[in-house]
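Descriptive analysis of the structure
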Amino acid sequence: MSMVYINIFLAFILSLMGMLVYRSHLMSSLLCLEGMMLSLFVMMSVTILNNHLTLASMMPIVLLVFAACEAALGLSLLVMVSNTYGTDYVQNLNLLQC
Amino acid sequence: MNMFSSCMITALVILTLPIIMSSTKLYKNKLYPYYVKTATSYAFMISMIPTMMFIYSGQETIISNWHWMTIQTMKLSMSFKLDYFSMIFVPVALFVTWSIMEFSMWYMHSDPYINRFFKYLLLFLITMMVLVTANNMFQLFIGWEGVGIMSFLLIGWWYGRTDANTAALQAVLYNRIGDVGFIMTMAWFLLNLNTWDLQQIFITTNDNFNLPLLGLLLAATGKSAQFGLHPWLPSAMEGPTPVSALLHSSTMVVAGVFLLIRFHPLMEHNQTIQTLTLCLGAITTLFTAICALTQNDIKKIVAFSTSSQLGLMMVTIGINQPYLAFLHICTHAFFKAMLFMCSGSIIHSLNDEQDIRKMGGLFKVLPFTTTSLIIGSLALTGMPFLTGFYSKDLIIESANTSNTNAWALLITLVATSLTAAYSTRIMFFALLGQPRFSPMILINENNPLLINSIKRLLIGSVFAGYIISHSITPTTIPQMTMPHYLKMTALAVTILGFILALELNLTTQGLKFNYPSNYFKFSSLLGYYPTIMHRLTPKTSLTISQKSAFMLLDSIWLENILPKSISYFQMKSSTLISNQKGLIKLYFLSFMLTMILSLLILNYHE
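What counts, and at which threshold
Residues numbered from 1 in each chain as written. Chains lettered and ligands numbered in written order. Predicted model: local features only at pLDDT ≥ 70, side-chain atom pairs only at ≥ 80, totals over all residues. Heavy atoms only, no water. UniProt positions renumbered as here; feature names shortened; annotations may be inferred. Helix = DSSP H or I, 4+ residues; strand = E, 2+ residues; numbered from the N terminus. Rg over C-alpha atoms; globule rule 2.2 N^0.38 Å. Buried < 20%, exposed > 50% of the residue type's maximum accessible area, 1.4 Å probe, protein only. Contact = heavy atoms within 4.5 Å. Areas by Shrake-Rupley, 256 points an atom, 1.4 Å probe, with all protein chains shown as cover. Core = buried A, V, L, I, M, F, W, Y, C linked by side-chain atoms within 4.5 Å. Phe/Tyr/Trp six-rings, centres within 6.5 Å; stacked < 30°, edge-to-face > 60°. Lys NZ or Arg CZ within 6 Å of the ring centre and 35° of its normal. Pairing = 2+ DSSP bridges. Polar contact = N/O pair within 3.5 Å; in protein donor to acceptor, adjacent residues only side chain to side chain. Axes fitted to C-alpha atoms, helices over the stretch in contact; angles between N-to-C directions. Parallel < 35°, antiparallel > 145°, perpendicular 65-115°, else oblique. Left-handed = near helix turned anticlockwise from the far one by under 90°. Nonpolar A, V, L, I, M, F, W, Y, C, P; charged D, E, K, R; others polar.

The name given to chain B in an unreviewed UniProt entry is NADH-ubiquinone oxidoreductase chain 5, with the source organism recorded as Canis lupus familiaris. You can read under Subcellular location (unreviewed entry) in the UniProt record for chain B the words "Mitochondrion inner membrane". Of the comments in the UniProt record for chain B, the one headed Sequence similarities (unreviewed entry) reads "Belongs to the complex I subunit 5 family."

The name recorded for chain A in UniProt is NADH-ubiquinone oxidoreductase chain 4L, from Canis lupus familiaris. On record in UniProt, under Catalytic activity, the comment for chain A is "a ubiquinone + NADH + 5 H(+)(in) = a ubiquinol + NAD(+) + 4 H(+)(out)". What UniProt records for chain A under Sequence similarities is the sentence "Belongs to the complex I subunit 4L family."

Here it is in structure tokens:
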């Protein structure tokens, strides 16, 4: 595998680690999620452009749309939690009340 | 060319003159009531001329004046039918109204708006005349609605009183329900017979007249306070006593019965409607007689007595004797108006006291009123050879000897005895015994207005039955032979009622009631009918409308079906199936550990 792919793959792994391991703020997890989406986007675009997979060119756009949707969803959940508690500390998510 | 139509039109025009003069200075005059009374007396005397011509020669007239409009094939014009019924009723009504106007000059003389009162009374009289002389149903309807409106205005004369306003509204509402029947009849005649003229209706044959006659029966139920639409009549006693004497005893409430009498050629071949009328009249007369037994307001007792006599008139129509019913209308007007005027005299003399439990001992104090009250009550109960005898006894005899509903007949006889009972009650409590009113009032009945008016009706109550029944043309053959026990039924039942009521009233002086029994409560609360109908029916319809309009449409369909149900369902299901504890960091860490372990272990797959 060439250096570019390893680089981007490493970026993805790093963001994944960042999302799975976080201490107190929920926001950091969401930010790492965005990072994962970004690295996936770049990897997908590079692969398609290098291998001339023309018909798959719409996939990065679709990925971007879904990333935006999920970011909005995540942020709304964050805002819901933050409305109740004032901060977004993870220790607040111990009581699942509807 | 005789003066029949000229005299009649003159009489009717004389009545309208004070109304036309009401926009001039005459209306503000203190003597306006005198003018109105004199106009009515002149109209009475002039209308006697055509009546005597009718009695002598049997001449009937139809005056068709003014062509109003033609709607496609139907011609509407102003026409007066001066036949047997209207010719005899008009002088009677004018005579009674003359006496009542003279009486109300005494009764209402301290009222600042007495001119307006007389104008309203005169307007009522004019619309009543329009009603009885109408030749087509449209003109009859004009008179019908007119008497309803004037009744509303006159019942609510003292409009500062809440009860008076409620009673006036009640009268209008109940009359309106009857008007629906009237309009249905008019529509049926328009569709099927293409006319509203009485002559064309009577000569056209049709297979059955059930529907229009039902409409007329409903109209009579509303206007004449038969059972089912009766509570407005006792409530109408909120008006001044002259109003009660004129409208709700002699003139307006007989309009319903008069309507049925007018349409008697249609009714005499329809057995169903006759039976319905008979049963309705029988129920009315018994029910209102029961209610009259325990009332304490003297005007309400006389109002229930009116209602009972109206039921008797309906019974007479139900046994196919319209002419007897009409005779009873004419004779009843005399003594009922006189009864109301006597009670008005008592009320005014006792300083506006209407409760008979607070009257008493008026036998020596008001001799003239006492005399006329006793004669009026005797005439009402059908004492032989007074006025009421000539109509009431004939009615009871015809009912006894006709092939009719035995239950209705029995009820009518019971009601006849109850008539004697409550008349005794009035006389006993108001006139006899020791006085129960405050001794600080001056009792004086020596006013010529009062004395003359009651005297006229007194002479009428004694002699009018004889004069009228020996002057009219014979129509239906009265029953000549019957067993003697049937002939004496009315008299025996009445005497029984008198004796029983006298005994019971005398016992109330010595013994004490322990507690009102259930029968007493039934009678005193008017059979619970107003309590149920005035509360339950509006509450039911309002509840139904709230449930259907607000609950069903707005709340359920617009709000609850999609939005609120979705959110509710989601919340419930998520609380049901969530058993997580929200330890996100732990879940993420275990995920990461699993990923690393799987990558490390599965590296050696080869």
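1. A look at the overall build of chain B
Each helix and strand in chain B was counted, giving 24 helices and 2 strands. For 606 residues, the compact-globule estimate of 2.2 N^0.38 gives 25 Å, and the C-alpha radius of gyration of chain B, at 33 Å, exceeds that figure by more than 25%. With the principal axes as the frame, chain B shows a C-alpha extent of 140 × 70 × 65 Å. Counting all 606 residues of chain B, 53% fall into the buried class. For chain B, restricting intrachain contacts to residue pairs at least 6 apart in sequence, the fraction spanning at least 24 positions comes to 80%. Accessible area of chain B: about 28500 Å², with a carbon and sulfur share of 68%.

2. Side note on the UniProt feature "transmembrane region" in chain A
All names here are of chain A. With numbering matched to this structure, UniProt assigns "transmembrane region" to residues 1-21, 29-49 and 61-81. Annotated as 86% helix and 0% strand, the span residues 1-21 places its first and last C-alpha atoms 28 Å apart. In the segment residues 61-81, helix accounts for 100% and strand for 0%; the C-alpha atoms at its two ends are 31 Å apart.

3. What to know about the nonpolar core
Counting 172 residues, the largest nonpolar core has Phe 89, Trp 144, Phe 182, Phe 189, Trp 232, Phe 263 and Phe 326 of chain B as the members making the most contacts within it. Not counting residues up to four positions away in its chain, the partners in contact with Trp 232 of chain B are Gln 170, Ala 171, Tyr 174, Asn 175, Gly 222, Lys 223, Ala 225, His 248, Met 252 and Val 253 of chain B. Counting 13 residues, the second largest nonpolar core, distinct from the first, contains Phe 12, Leu 16, Leu 20 and Val 90 of chain A.

4. Points about the packing of aromatic side chains
All names here are of chain B. Evaluation of the coordinates by the stated rule reveals 37 aromatic pairs over all chains. Judged by centre distance (5.1 Å) and plane angle (65°), the rings of Phe 117 and Trp 157 are edge-to-face. In this pair, Phe 117 sits in helix α4 (residues 114-132) while Trp 157 sits in the loop between α5 (137-155) and α6 (162-192), placing the two residues 40 residues apart along the sequence. Side by side, Phe 117 and Trp 157 carry an identical accessibility label, which is buried. Put simply, the rings of Phe 54, Tyr 84, Phe 85, Phe 89, Phe 258, Tyr 323 and Phe 326 pair up and form one aromatic cluster. One Lys or Arg, Arg 116, reaches over the ring of Tyr 113 and ends 4.6 Å from the middle of that ring. Above the face of the Trp 144 ring, Lys 223 is positioned so that its terminal group lies 5.0 Å from the ring centre.

5. Quick word on the pairing of strand β2 (residues 74-82) of chain B
Residues and elements named next belong to chain B. Of all the 9 residues making up β2, 7 are buried; the element is thus mostly covered by neighbouring parts of the structure. Bridge analysis of strand β1 (residues 61-71) against β2 gives 9 bridges, and the strand direction is antiparallel. Across the sheet, the residue bridging to Thr 70 is Lys 75, located in β2. The antiparallel hairpin formed by β1 and β2 contains 2 residues in its connecting segment, where Gln 72 sits at a positive phi of about 55°.

6. A closer look at the environment of Trp 232 of chain B
All names here are of chain B. With respect to the helices, strands and loops of the structure, Trp 232 is situated in helix α9 (residues 232-235). Spatially, the C-alpha atoms of Trp 232 and Val 172 are 8.5 Å apart, while their sequence positions differ by 60 residues. A distance of 3.1 Å separates a polar side-chain atom of Trp 232 from the backbone oxygen of Gly 222. Of note is the side chain of Trp 232, whose polar atom sits 3.5 Å from the backbone oxygen of Leu 229.

7. A look at the packing of helix α16 (residues 367-381) of chain B against helix α19 (residues 448-471) of chain B
Residue and element names in this part refer to chain B. Two elements in contact, α16 and α19, have axes whose closest approach is 10 Å; the angle formed by their N-to-C orientations is 30°. Taken together, the axes of α16 and α19 lie roughly parallel to each other. As α16 runs across α19, the sense of the crossing is left-handed. In contact with Phe 368, Ser 372, Ile 375 and Ala 379 of α16, α19 contributes Ile 451, Ile 454, Lys 455, Leu 458, Ser 461 and Val 462. For the contact of α16 with α19, the residue count by class is 7 nonpolar, 2 polar and 1 charged.

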